[in-house]
Amino acid sequence: TAKRMAPLARGEVAAVQVNATPVPTPDLAFNGPDGAPTSLAAFKGRTLLVNLWATWCPPCLKEMPALDALQAALGGADFQVVAINIDTRNLDKPKAWLTENGIHTLGYYADPEAKVFQALKEAGKAFGMPTTVVVDRNGCMVANLAGPAEWASADAVSLIKAAMAR
């Protein structure tokens, strides 16, 4: 996977760090779109782009339309964008922001205690916001990015397709 992905970390996704060797992903726990607890283990078998975002983070908000477009373009049985909101106050604000800004394809995942950020920080993969990790179908982190990216770009789509390839 790294050999396929590394040459594609360029252009709009040049800052993506591809892991030479897949790293086990902590089983991040958060709430699903229905409000019930879930975790990354529920997505095993799919390639994931896990993005941590918050309404107080302007770069996070800027990249949400691109994440929505990426989910619309590639989302399905083999791939999913799991954008996890980590706002800890005013918990209705993130859902309202998504609706007001036409973000309709992404499921609403939330961790109002921001434990997912702490778990990725402890794993050496979260340094600020937004934080994004690419997880392969076996549940291992294959790439990460500290900061925003244009996730709907041709560069990003090529990178994700390389992550999805068997």
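To be clear, the structure that these remarks concern was listed above.
All values derive from a computational prediction rather than experimental measurement. (Residues numbered from 1 in each chain as written. Predicted model: local features only at pLDDT ≥ 70, side-chain atom pairs only at ≥ 80, totals over all residues. Heavy atoms only, no water.)

Participant: I tried to follow the nonpolar core on my own but got confused; where do I start?
Facilitator: As a rule of thumb, soluble globular proteins bury nonpolar side chains together. If you look at the biggest cluster of nonpolar residues, it comprises 58 residues, and the most contacted ones within it are Phe30, Val50, Trp53, Met64, Leu70 and Trp151. Excluding its chain neighbours within four sequence positions, the residues that come into contact with valine 50 are Leu28, Leu40, Val82, Ile84, Thr131, Thr132, Val133 and Val135. (Core = buried A, V, L, I, M, F, W, Y, C linked by side-chain atoms within 4.5 Å. Buried < 20%, exposed > 50% of the residue type's maximum accessible area, 1.4 Å probe, protein only. Contact = heavy atoms within 4.5 Å.)

Participant: What is the right way to look at helix α4 (residues 115-122) in this model?
Facilitator: Since the α-helix advances by 3.6 residues per turn, residues separated by three or four positions end up pointing in the same direction. Along α4, the residues classified as buried are Val116, Phe117 and Leu120. Along the axis of α4, the buried residues cluster in a sector spanning 100°; they form a single face. Across from the buried face of α4, at angles greater than 90 degrees, the exposed residues are Lys115 and Glu122. In the segment just after α4, glycine 124 is the residue with positive phi, at about 75°. (Helix = DSSP H or I, 4+ residues; strand = E, 2+ residues; numbered from the N terminus. Arc of directions from axis to C-beta.)

Participant: I would appreciate a short explanation of the packing of aromatic side chains in the present structure.
Facilitator: According to the stated counting rule, one finds three aromatic pairs in the structure shown. On the basis of an interplanar angle of 85° and a centroid distance of 5.7 Å, the ring pair of phenylalanine 30 and tyrosine 109 is categorised as edge-to-face. With phenylalanine 30 in strand β2 (residues 29-31) and tyrosine 109 in strand β6 (residues 109-110), this residue pair connects regions lying 79 residues apart in the sequence. Judged by relative accessible area, which is 3%, phenylalanine 30 ranks as buried. Classification of tyrosine 109 by relative accessible area gives buried; the value is 6%. Grouping aromatic residues by their ring pairs yields a cluster made of Phe30, Phe43 and Tyr109. (Phe/Tyr/Trp six-rings, centres within 6.5 Å; stacked < 30°, edge-to-face > 60°.)

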